[in-house]
Amino acid sequence: VQDFTQSLSIQSLCLSLGSISVKRTEIMSSLTIPPPPCLQKRLLVPHRYMFGPGPSNVPTRILEAGAKPVIGHMHPEIFEIMNDIKSGIRYVFQTQNKVSLAVSGTGHTAMECAIFNTVEPGDSVLVAVNGIWGERAADMAERIGARVNTIVAPPGGYLTNADIEKALSKHSPVLFFLAHGESSTGVLHPLEGIGDLCHKYNCLFLVDSVASIGGAPVYMDQQGIDILYTGSQKVLNAPPGTAPISFSERACRKVFNRTTKPVSFFLDLSWLANYWGCDDKPSRKYHHTGPVTAFYSLRESLAVLAEEGLENSWKRHQRVMLYFHAGLESMGLKLFVKDKDTRLPTVTTIVAPHGYDWKEITGYIMKTHNLEISGGLGPSVGLVLRVGLMGCNSSEANVDMVLAALRDALKHCHKSKV
Ligand code: PMP
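All figures in this text were calculated on a predicted structure; none of them were measured in a lab.

On to the side chain of T242, then. Mapped onto the elements of the fold, T242 is located in strand β10 (residues 242–247). For T242, the contacting residues outside a window of four places in its chain are V103, G105, G231, S232, A294, F295 and L298.

Here you go:
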């Protein structure tokens, strides 16, 4: 072992100094791939203003929580922290659902958890497509053999309850998917009445609130939402990697009475519910190694939101959005979502300024102002610039910073004659 370690250190010395040559015969290592020189440099991460559609900046308190010591994923202390997370999720989702937990993964993991558990091969699924997230949900349901139908809203628009009812009665789906905050188009889709409609047609109502939770009102129980999920890295201001999700009793009945096993072991709700202590079983079983430090951060992010109060957070995001939109319009820029009432308070879509290359604008702002804003995604590519001001980033001071950066970019980026 000693020889081996020695030979490795000679090899790395050789790599780092370059000038010392060590004869091959002197190196006893069996390795053909040397330690990469890049890993011998110190880790460097810039500070950056994260004003794109996510991830957002993470405040020190939440970063510090994630830096606490690792404990076991089955230790009593982590179960306490997981209990705090479950209570926090019930608060931000406004639900009493017993099965409320966080999946280990990003928003996509929660999407798949929702769809893979509730849908069996051959089931009919209806998806509202008002941007990329509906497209992705339809893709996921197709992959597991569902019969998928979509109803498509025009970019920047939304669907009426009459559109939705017509499709529910035509396709008799077991599940209806809707993105509440469509971060690709900047639409905040109305939710009122849709839960009741779904239940009238014996269908579960699945809502994606990755971009909206904490920034706009959602009342899971009152609005008849059966499955609701979000991500950690937007309004919650935690690092990406955990995704809160909750299932109503109606949803659990469908999930726990399946005739086939869900396609994913990792996302199987019966395992997850047991690991999170959401079932009535006397003991919790090892399912996967929960990302404990990510749980600390998520716990702290929920605590920050609970301290501010959900309603205060909704109001602040609304106030900052109105201030931002007024500033954009006074610069002559146009908002992509025409209906004021359906503008997402967390992510603003600005019509890509005429005559400019949007990539040059986002590139200039990143280089000159160390600030991320982004272009469109999916159906909005080339049509918009997207600015996300979420959680701690939602403030008038940050709006002023973004407006100044945009003004500067429009002055310095190339504008064609057209
Ligand atoms: N849904 C919405 C509305 C989103 O904005 C995002 C992330 N941009 C996702 C789902 C997917 O989340 P993630 O990137 O964390 O997997």
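Structure's up, so let's keep going.
UniProt feature "modified residue: N6-(pyridoxal phosphate)lysine" (unreviewed entry): in the numbering of this structure it lies at K234. Mapped onto the fold, K234 is located in the loop between β9 (227–229) and β10. In contact with K234, not counting residues within four places along its chain, are P53, G54, S56, S183, V210, A211 and M390. Looking at K234, its side chain comes within polar contact range of the main-chain oxygen of P53, at 2.7 Å.

On the basis of which strands lie adjacent, the open sheet formed by seven strands has the order β2-β10-β9-β8-β5-β3-β4 and mixed pairing. Strand pairing shows two members of the sheet lacking a second neighbour, β2 (99–104) and β4 (147–152), which therefore form its edges. In this sheet, adjacent strand axes meet at a mean angle of 20° when their direction is disregarded. Sheet topology note: the strand β3 (residues 124–129)/strand β5 (residues 175–179) ladder contains three bridges and is parallel. Looking across to β5, one finds that V125 is bridged to L175. On top of the sheet, helix α3 (residues 76–93) reaches β2, β9 and β10; it is set at about 110° to β2, its chief contact.

As a further point, take the confidence of the model for the protein chain. Reading predicted coordinates in detail is not appropriate for stretches of low pLDDT. Model confidence for the protein chain is summarised by a mean pLDDT of 94, while 93% of its residues fall at 70 or above. For residues 1–23, every residue scores under 50 in pLDDT, and the model assigns this stretch 21 contacts once sequence neighbours within four places are set aside.

Taken from the UniProt record, the annotation "binding site: substrate" (unreviewed entry) applies to R386. As for its placement among the helices and strands, R386 is situated in strand β14 (residues 384–388). At 2.8 Å, the side chain of R386 forms a polar contact with the backbone oxygen of S183.

This next bit is on the sheet that holds strand β11 (residues 347–351). Taking strand neighbours across the sheet as the criterion, the three strands line up as β11-β14-β13 in an open arrangement whose pairing is antiparallel. Each edge of the sheet is formed by a strand with only one pairing partner; in this case those strands are β11 and β13 (374–375). Bridge count for β11 against β14 is five bridges, and the pairing is antiparallel. Looking across to β14, one finds that I350 is bridged to L385. The sheet contacts of helix α11 (residues 310–330) involve β11 and β14, and relative to β11 the element is tilted by about 10°.

Let us now look at the packing of aromatic side chains. Under the defined criterion, the tally for this structure stands at six aromatic pairs. An angle of 75° between the planes, with centres 5.5 Å apart, marks the rings of Y219 and W314 as edge-to-face. Highlighted residues: Y219 in the loop between β8 (204–208) and β9 and W314 in helix α11, separated in sequence by 95 residues. The rings of Y275, W276 and F295 are connected pair by pair, giving a single aromatic cluster. For the cation-ring pair, R284 lies above F79, with the distance from its terminal atom to the ring centre recorded as 3.9 Å. The side chain of K285 reaches across the aromatic face of W271, ending 5.4 Å from its centre.

The subject of this paragraph is the site of the ligand. In the vicinity of the ligand, the residues found are T106, G107, H108, W133, G181, S183, D208, V210, A211, Q233 and K234. Contact between the ligand and Q233: an oxygen atom at 2.7 Å from a side-chain N or O atom of the residue. Surface burial for the ligand is 87%, taken as the share of its 400 Å² of free accessible area covered by protein chains. More than half of the atoms of the ligand fall within 2 Å of the grid points belonging to the largest pocket. When grouped by side-chain class, the residues that make up the shell around the ligand number three nonpolar, six polar and two charged.

Here helix α5 (residues 132–143) spans 17 Å end to end across twelve residues, near enough to the 16 Å set by a 1.5 Å rise per residue. Along α5, the residues that are buried comprise I132, W133, G134, A137, A138, M140 and A141. Buried residues belonging to α5 abut α4 (107–118), β3, β4, β5, β6 (181–182) and β8. At the exit of α5 stands G145, carrying a positive phi of roughly 85°.

For helix α10 (residues 292–308), with 17 residues, the first-to-last C-alpha span of 25 Å sits near the 24 Å given by 1.5 Å per residue. Among the residues of α10, those classed as buried are V292, F295, Y296, S297, L298, E300, S301, L302, A303 and L305. Contact partners of the buried residues in α10: α2 (60–66), α3, β2, β10, α9 (269–275) and α11.

Calculation rules
Residues numbered from 1 in each chain as written. Predicted model: local features only at pLDDT ≥ 70, side-chain atom pairs only at ≥ 80, totals over all residues. Heavy atoms only, no water. Helix = DSSP H or I, 4+ residues; strand = E, 2+ residues; numbered from the N terminus. Contact = heavy atoms within 4.5 Å. UniProt positions renumbered as here; feature names shortened; annotations may be inferred. Polar contact = N/O pair within 3.5 Å; in protein donor to acceptor, adjacent residues only side chain to side chain. Pairing = 2+ DSSP bridges. Axes fitted to C-alpha atoms, helices over the stretch in contact; angles between N-to-C directions. pLDDT = per-residue confidence, 0-100. Phe/Tyr/Trp six-rings, centres within 6.5 Å; stacked < 30°, edge-to-face > 60°. Lys NZ or Arg CZ within 6 Å of the ring centre and 35° of its normal. Near = heavy atom within 4 Å. Areas by Shrake-Rupley, 256 points an atom, 1.4 Å probe, with all protein chains shown as cover. 1 Å grid on protein atoms, 1.4 Å probe; cavity = no way out; pocket = protein on both sides within 12 Å on 5 of 7 lines; lining within 4 Å. Sits in = over half its atoms within 2 Å of the grid points. Nonpolar A, V, L, I, M, F, W, Y, C, P; charged D, E, K, R; others polar. Expected span 1.5 Å × (residues − 1). Buried < 20%, exposed > 50% of the residue type's maximum accessible area, 1.4 Å probe, protein only.

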